[in-house]
Amino acid sequence: MLNILAQTGAGEMLEGLKAIGAGLGYGLAAIGPGIGIGTVVGNAISSMARQPESAGMVRTTMFLGIAFTEALALIGFVVFILLLP
Amino acid sequence: MKRGCWEMKMSIKQKPEEELIVESVSGQPEKRIANHLALRALWVSPLFLIVSAIGWGLSGAVSALLALVLVSFNFLAGAAIITRSVKISPNMLYGSVLGGYVVRLAILTGVVMSVRSFDWFDTVPFAMTLLVTHLGLLATETRYISASLAYPDLKPTSSKEIR
């Protein structure tokens, strides 16, 4: 492994590290929204179970909450495609 | 005779309210909001296409168009997943929303990774349009959301009025 790394040029190494960083960044950026969406949906289901008559209102709020939370993952995605070599 | 006049007056007064009530009846609030968002994305698309075309040429305009299509698809797919799964069970809703999030991100990544090597794809206008459209459309959509018991999705307007 170290021999292979020693044989590669500095430019190639930099490109590879950039790709690894971009992938790691995207993966880490997707974790937060995943937790957030889970929280949003969990609380929405809880409130729908408590008050079924307000299910429509809760679904509206849930949809908007999911979409806003997803924007964080999109920011990670944008950074990923901008960093990719 | 008097009663007839009274009924006529009542019917004239009640007509707009009836229209509002008919419009508000919808069992799929997220679908209505997603359709409204997609329509708004269609409205703002010329602005992004022109700005991208001025800044990056034809490739920028095509990239911005791709971003707009992906944003609309994202909203519509998210709403369709909720609409279908909420009819089955709360557990299904939970699972499909979280699974749908991963699948939609995978589709987005797959589409971009497959087209990024083409000459007509420009990263910067694509990224800019994707982020600004997604956040901007959502922020403006909050002005049109009622989220009340009577009108759970969009604010009521007369059916002929353009939003």
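In this report, we go over the structure that sits alongside the text. Values in this document were obtained by computation on a predicted structure and should not be read as measured data. (Residues numbered from 1 in each chain as written. Chains lettered and ligands numbered in written order. Predicted model: local features only at pLDDT ≥ 70, side-chain atom pairs only at ≥ 80, totals over all residues. Heavy atoms only, no water.)

### Quick look at the packing of aromatic side chains
All names here are of chain A. Going through the model one piece at a time under the given rule, you end up with five aromatic pairs over all chains. Judged by centre distance (5.0 Å) and plane angle (20 degrees), the rings of Tyr 26 and Phe 80 are stacked. Of the two residues, Tyr 26 sits in helix α2 (residues 10-50) while Phe 80 sits in helix α3 (residues 55-83), which places them 54 residues apart along the sequence. Overall, Tyr 26 belongs to the buried group, its relative accessible area being 12%. A centroid spacing of 6.4 Å and a plane angle of 35 degrees characterise the contact between Phe 77 and Phe 80, whose relative ring orientation is tilted. Taken together, the residues span about one helical turn, with Phe 77 and Phe 80 both in helix α3 at a distance of three residues. Phe 77 gets classed as buried once you look at its relative accessible area, which sits at 0%. For Phe 80, a relative accessible area of 9% gives the class buried. One aromatic cluster is present, built from ring pairs that chain together Tyr 26, Phe 77 and Phe 80. (Phe/Tyr/Trp six-rings, centres within 6.5 Å; stacked < 30°, edge-to-face > 60°. Helix = DSSP H or I, 4+ residues; strand = E, 2+ residues; numbered from the N terminus. Buried < 20%, exposed > 50% of the residue type's maximum accessible area, 1.4 Å probe, protein only.)

### Some remarks on the interface of chain B and chain A
Each partner contributes residues to the interface: chain B has 44 residues there, and chain A has 34 residues. Together chain B and chain A conceal approximately 3,300 Å² of surface at their shared face, both sides included; 79% is due to carbon and sulfur atoms. At the junction of chain B and chain A, the tally comes to two salt bridges. For Arg 104 of chain B, the salt bridge is made with Glu 70 of chain A, and the minimal N-O distance between the two is 2.6 Å. (Contact = heavy atoms within 4.5 Å. Buried area = accessible area lost by both parts, 1.4 Å probe. Salt bridge = Lys/Arg side-chain N within 4 Å of Asp/Glu carboxyl O.)

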